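Observations on the three-dimensional arrangement
For reference, the chains in residue letters:
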Amino acid sequence: IDLAKKAISMIDYNLSDIWLDPFKNSGNYYNNFPSECDKEYTEILENKDFFDYDNNNITIISSNPPYSLLDDVIKKTIELKPRIINYLLGINNLTARRIEMFENADYGLTKLHFCKVYKWYGMSVIVQFELNKPSIISYDRIVWK
């Protein structure tokens, strides 16, 4: 819950924003979204599949996505065109190729917070991508030898 709150606290939101937690499960994110904003969720355990979700009015997406489906999650998230995307990822899941997927859709990586989660593999990172904003990092995909 505290880590979800940390991720949510990184988001500069407007009262008119509509929030989506695509992987609600325990509600750690959904239940901590600002109460004054509209919020929605999907949850496969409730037969509300994120990959079937089609509300293009969502302005903020924040959650802890399943790492095994991360490429598909990124594609679907980008398809919804929110203003802000805020996800908790394992550090090894944040790759140049995935950052490039966001950048090719006009999203810049604007915030990055490293954290250690007890019993999780290695370090984790909260990433925030914003539509039409420049990235705060640089990278290349050259294979250096």
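Relevant structure appears above.
Residues numbered from 1 in each chain as written. Predicted model: local features only at pLDDT ≥ 70, side-chain atom pairs only at ≥ 80, totals over all residues. Heavy atoms only, no water.

Describing the overall build of the protein chain
Across its full length, the protein chain carries 3 helices and 6 strands. Listing each helix as α and each strand as β along the protein chain from the N terminus yields α-β-β-β-α-β-α-β-β. Computed over its C-alpha atoms, the radius of gyration of the protein chain comes to 15 Å, within 12% of the 15 Å expected for a compact globule of 145 residues. C-alpha extents for the protein chain along the principal axes are approximately 50 × 35 × 30 Å. When burial is assessed residue by residue, the protein chain has 46% of its 145 residues classed as buried. By element, 50% of the accessible surface of the protein chain is carried by carbon and sulfur atoms, the whole surface being about 8,100 Å². (Helix = DSSP H or I, 4+ residues; strand = E, 2+ residues; numbered from the N terminus. Rg over C-alpha atoms; globule rule 2.2 N^0.38 Å. Buried < 20%, exposed > 50% of the residue type's maximum accessible area, 1.4 Å probe, protein only. Areas by Shrake-Rupley, 256 points an atom, 1.4 Å probe, with all protein chains shown as cover.)

Description of the packing of aromatic side chains
Applying the stated rule across the entire model yields 8 aromatic pairs. Connected via pairs of aromatic rings, a cluster forms that spans Tyr13, Trp19, Tyr30, Phe33 and Tyr41. Over the aromatic face of Tyr30 sits the side chain of Lys39, whose NZ or CZ is 4.3 Å from the ring centroid. In this structure, Lys48 packs its charged tip against the face of Tyr41, placed 4.0 Å from the ring centre. (Phe/Tyr/Trp six-rings, centres within 6.5 Å; stacked < 30°, edge-to-face > 60°. Lys NZ or Arg CZ within 6 Å of the ring centre and 35° of its normal.)

Some words on the environment of Leu15
Mapped onto the secondary structure, Leu15 falls in the loop between α1 (2-9) and β1 (18-21). Judged by relative accessible area, Leu15 falls into the exposed class, the value being 59%. Among residues more than four places away in sequence, those in contact with Leu15 are Glu36 and Cys37. (Contact = heavy atoms within 4.5 Å.)

A word on the pairing of β1
Successive residues of a regular strand alternate their side chains across the two faces of the sheet. Neither face of β1 is left uncovered, since the one carrying Ile18 and Leu20 and the one carrying Trp19 and Asp21 both have all their residues buried. Of the strand pairs in this sheet, β1 and strand β2 (residues 38-41) are connected by 4 bridges, and their pairing is parallel. Opposite Leu20, over in β2, you have Glu40 as the bridge partner. Pairing of β1 with strand β3 (residues 60-63), which is carried by 2 bridges, proceeds in the parallel orientation. Bridge pairing in β3 links Trp19 to Ile60. (Pairing = 2+ DSSP bridges.)

Details of the pattern of salt bridges
Enumeration according to the criterion identifies 7 salt bridges in this entry. Across the pair Lys111 and Asp12 runs a salt bridge, and its minimum N-O distance is 3.5 Å. Note that Lys111 is positioned in strand β5 (residues 107-116) and Asp12 in the loop between α1 and β1, a separation of 99 residues in sequence. On the basis of relative accessibility, which here comes to 57%, the residue Asp12 falls in the exposed class. If you follow the salt bridges from partner to partner, you end up with Asp71, Arg97 and Arg98 in one network. (Salt bridge = Lys/Arg side-chain N within 4 Å of Asp/Glu carboxyl O.)

Things to note about helix α2 (residues 70-80)
Along α2, the residues classified as buried are Leu70, Val73, Ile74, Lys76, Thr77, Ile78 and Leu80. Its buried side turned inward, α2 meets β1, β3, β4 (84-90), α3 (96-104) and β5.

Here we look at the packing of α2 against α3
Direction vectors running N to C along α2 and α3 enclose 15°, while the axes themselves pass 10 Å from each other. In this view, α2 runs roughly parallel relative to α3, as classed from their interaxial angle. In terms of crossing hand, the pair formed by α2 and α3 is right-handed. Each of Leu70, Asp71, Ile74, Lys75 and Ile78 in α2 lies in contact with α3, whose residues at this interface are Arg97, Arg98, Met101 and Phe102. (Axes fitted to C-alpha atoms, helices over the stretch in contact; angles between N-to-C directions. Parallel < 35°, antiparallel > 145°, perpendicular 65-115°, else oblique. Left-handed = near helix turned anticlockwise from the far one by under 90°.)

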